[in-house]
Amino acid sequence: MQTAITTARSPTASASLDSDGTLSCAGAWKMANVPFLERQLAEVLGTESGQQIWDMSGITSMDTAGAWLVRRSLSRLEQTGRRVELRGVRAEFEQLIRWISDEGESVAGQPQKPGMIDQLGHAAWNASLQGLGFLSFVGESTLVLLRLLVNPRRIRWQPFFYNLRAGGLQAIPIVGLLSFMMGVVIAYQAAVALRPYGASVFIVEFVGIAMLREIVPLITAIIVAGRSGSAYTAQIGTMKVTEEVNAMRTMGIDPLELLIAPKVLALVVAVPLLTAFADVTGVFGGMVIARTQLDVGFNAFLDRFESVIFPTDYLIGVGKAPVFAVIIAMIGCYQGLCVSGSAESVGRHTTVSVVQSIFVVIVFDALFSVLLDWMGIGLFAQ
Amino acid sequence: MRFDDKIPEPVIEIRHLTTRFGSAVIHDDISFTVLRGEIFAVVGASGSGKSTLLQEMIMLRRPESGSIHVLGKDLSAIGERESMELRRRLGVLFQHGALFSALTVAENIAVPLREHTQLSAEFIREIVGIKLGWVRLPANSAEKYPNQLSGGMLKRAALARAIALDPELVFLDEPTAGLDPASTAALDDLIRQLKYILGLTIVMVTHDLDSLWNVAGRVGVLGDGKLLEVGTMEELSRSDHPLVAEYFQGSRGRGAKEQAWNRR
């Protein structure tokens, strides 16, 4: 067999019309030559009418594609009322052609694509099923978690501490670094606005409130969603593909209790701690800029910090963290359980898990702002 | 389609092959030849290196020493271009099918055709239809995804992909593993029929004694790192070698033999 590229230049097969109206076929009627032969046949056959004779004694080899080309050309000619007689076909080629027409033709057909309304309906149906599925998952896992809280001896401590380490301890460097950089960025923006008015010391309020209340909890949640949420989906998803989750069920072990509860609990503990740590590095980032850009020293910064930033600011930020943790862990685990069958499905659900959890975290953050305002501890209350 | 060959030419020639995993010797000086047009089966207990041998023949693994010639090409001295060309003349049916899970069955079979030929999309679809018909898959399975197929259908679809380019040489890794007896028998018949019509040479790794009796021409038995014996099933079933006898003359081996005899 030659490469398709070389044969395209120098075909080793031919189909040509003789002077007496016989079509002489010769050479290797194989896959690489078929595009060329197809063009030749189309040219030659357009002109002829009535009875035709194909002389196939020159054909040296034939594969499925070559045989199908013969078979398909014949049936097209017959449809237009012309008859073709094959001559000099070698026994094995004839057999191949016959086998193709017996086996193949019934199956070859245009695949049907569903219409737009069809697709819309499917999408809506699937979305509502997913929503219902998530609701029942939340219900079930809440029951399991409540049961565990009543009877804490049933908590699986080993996976809990493992997840605490993987999702909490090992996330410290990245969360700390990114929060520090966010502090730098925020303080820079403030510095530009404050310096012309000589209001440099207000950098403390700016950095303190923005970081503690909003930026740090959000950035921590986003990093945790990317690190741990995706890991949960991939892990549980792969366990579903390899039927480990089913094996667990048949052994009478509740996957919610063994797989999901420790993850949720671990994140509920880890994310507030990470947020508290990131508060420190984030504010420190702001302090560095305050000193270098606005001549507000560390001591002056911290003095003012004590008097203008209230524990409420800190508690609101850290208080959001467990809520975000539950959202991330629940969505991550639920998407993992939604995986079915294939490796591709694991990838798809991992993406969905990260996007959904970041989305829901931000929605809840907005809800928190409104809620805190109603409760009278929003920003305007101060 | 090679009916005019008078003297069977060797398709695979393996000489003094040695494979090691670290200090463990998997193959110790193995030599054998597979001839054009035959169905050659490799058997052996689990861990005897059957799958490793297969991987070496399809260029997924290099042996530590010894030579493998496939279709006249020395695999140890083969270049990038040549090996691509050689791979196109081989078809492989992996043990678990290895269909691409993101593609439908029809798209899976079309992959080698799209990659390696310049056929039009319509022509490719028709060829895919023919291959599906050959492996007896119903037309509605063409648009299904691999995870929607049963084990037997998966193997058939994978076989259709393996023969998509009309290869000269087809490797089958445990083609009947995990199938029910009826599907096994049907797949055996299919393999024999494809070999006959397409003039294939087939190398298969299998554990299935019924399958060996029904399909295999010659069988090579691996054990203790050596190729213990090569011969037809009749010859092997009368072998004196203790490991070979253990494999073929146990109760299951005798049962399979009787069944095969009854069927003739």
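Just above sits the structure.
The structure reproduced in this document is the subject of the present report. (Residues numbered from 1 in each chain as written. Chains lettered and ligands numbered in written order. Predicted model: local features only at pLDDT ≥ 70, side-chain atom pairs only at ≥ 80, totals over all residues.)

**Looking at the sheet that holds strand S10 (residues 226-231) of chain B**
All names here are of chain B.
Then comes step 1: Read from one edge of the open sheet, six strands run S6-S7-S8-S3-S9-S10, paired in mixed fashion. The open sheet terminates on both sides in strands that have one partner only, identified here as strand S6 (90-93) and S10. Across this sheet, the average inter-strand angle for adjacent strands is 15 degrees, counted without regard to direction.
Then comes step 2: The pairing of S6 with strand S7 (residues 169-173) spans four bridges and is parallel. Bridging from a neighbouring strand, Leu 90 pairs with Leu 169 of S7.
Then comes step 3: Those strands touched by helix H5 (residues 151-162) are S6 and S7, and its axis lies near 170 degrees from that of S6. (Pairing = 2+ DSSP bridges. Helix = DSSP H or I, 4+ residues; strand = E, 2+ residues; numbered from the N terminus. Axes fitted to C-alpha atoms, helices over the stretch in contact; angles between N-to-C directions. Contact = placed C-beta atoms within 7 Å.)

**A short note on the nonpolar core**
Then comes step 1: Among the nonpolar cores identified, the biggest contains 101 residues, and Ala 41, Ala 160 and Leu 212 of chain B are the most heavily contacted of them.
Then comes step 2: Apart from residues no more than four positions distant in its own chain, Ala 160 of chain B is found in contact with Ile 109, Lys 131, Leu 132, Trp 134, Val 135 and Leu 137 of chain B.
Then comes step 3: Counting 59 residues, the second-largest nonpolar core is a separate cluster that includes Tyr 232, Ala 261, Ala 329 and Ile 358 of chain A. (Core = buried A, V, L, I, M, F, W, Y, C linked by C-beta atoms within 7 Å. Buried ≥ 20, exposed ≤ 12 C-beta atoms within 10 Å, placed from the backbone.)

**Digging into helix H6 (residues 157-167) of chain A**
All names here are of chain A.
Then comes step 1: Burial in H6 covers these residues: Asn 163, Leu 164 and Gly 167. Viewed along the axis of H6, the buried residues span an arc of 105 degrees, placing them on a single side of the element. Away from its buried face, by an angle of more than 90 degrees, H6 presents the exposed residues Trp 157 and Gln 158.
Then comes step 2: For H6, the elements touching its buried residues are helix H8 (203-241) and helix H10 (255-294). (Arc of directions from axis to C-beta.)

**Digging into the packing of helix H12 (residues 311-338) of chain A against helix H13 (residues 343-375) of chain A**
All names here are of chain A.
Then comes step 1: At a minimum axis distance of 9 Å, the contact between H12 and H13 shows a crossing angle of 150 degrees. By the angle between their directions, the pair H12 and H13 is classed as roughly antiparallel. The handedness of the crossing between H12 and H13 is right-handed. Contacts from Ile 316, Lys 320, Val 323, Phe 324, Ile 327, Ile 328, Ile 331, Gly 332, Gln 335, Gly 336 and Cys 338 of H12 reach H13 at His 349, Val 352, Ser 353, Gln 356, Ser 357, Val 360, Val 361, Phe 364, Asp 365, Phe 368 and Leu 372.
Then comes step 2: Taken together, the residues of the contact of H12 with H13 break down into 13 nonpolar, seven polar and two charged. (Parallel < 35°, antiparallel > 145°, perpendicular 65-115°, else oblique. Left-handed = near helix turned anticlockwise from the far one by under 90°. Nonpolar A, V, L, I, M, F, W, Y, C, P; charged D, E, K, R; others polar.)

**Focus on the packing of helix H3 (residues 105-116) of chain B against H5 of chain B**
All names here are of chain B.
Then comes step 1: Between H3 and H5, the shortest axis-to-axis distance is 8 Å and the interhelical angle comes to 25 degrees. Between H3 and H5, the crossing angle belongs to the class labelled roughly parallel. Between H3 and H5 lies a crossing whose hand is right-handed. In contact with Val 105, Asn 108, Ile 109 and Pro 112 of H3, H5 contributes Ala 157, Ala 160 and Arg 161.
Then comes step 2: Considering only residue class, the contact of H3 with H5 consists of five nonpolar, one polar and one charged.

**A few points about the sheet that holds strand S4 (residues 84-87) of chain A**
Residue and element names in this part refer to chain A.
Then comes step 1: With mixed pairing, four strands are arranged side by side in an open sheet as S1-S2-S3-S4. Here the strands that pair on one side only, and so sit at the sheet edges, are strand S1 (13-17) and S4. Here the average twist between neighbouring strands, direction ignored, is 20 degrees.
Then comes step 2: Here seven bridges tie strand S2 (residues 22-29) to strand S3 (residues 52-62), and the two strands are oriented parallel to one another. Counterpart to Ala 26 in the pairing with S3 is Gly 58.
Then comes step 3: Along the sheet, helix H2 (residues 34-45) contacts S1 and S2; its crossing angle with S1, the most-contacted strand, is approximately 0 degrees.

**What about the environment of Leu 165 of chain B?**
Then comes step 1: Mapping Leu 165 of chain B onto the fold places it in the loop between H5 and S7.
Then comes step 2: For the pair Leu 165 of chain B and Val 111 of chain B, spaced 54 residues apart in the sequence, the C-alpha separation amounts to 10.0 Å.

**Considering the environment of Gly 37 of chain B**
Residue and element names in this part refer to chain B.
Then comes step 1: Relative to the assigned elements, Gly 37 resides in the loop between strand S2 (24-35) and strand S3 (39-44).
Then comes step 2: The exposure class of Gly 37 is partly exposed, given the 19 C-beta atoms found within 10 Å.
Then comes step 3: Considering only alpha carbons, one finds Gly 37 and Leu 198, 161 residues apart in sequence, at a separation of 9.6 Å.

Treat this as a map of the structure, not an account of what it does.
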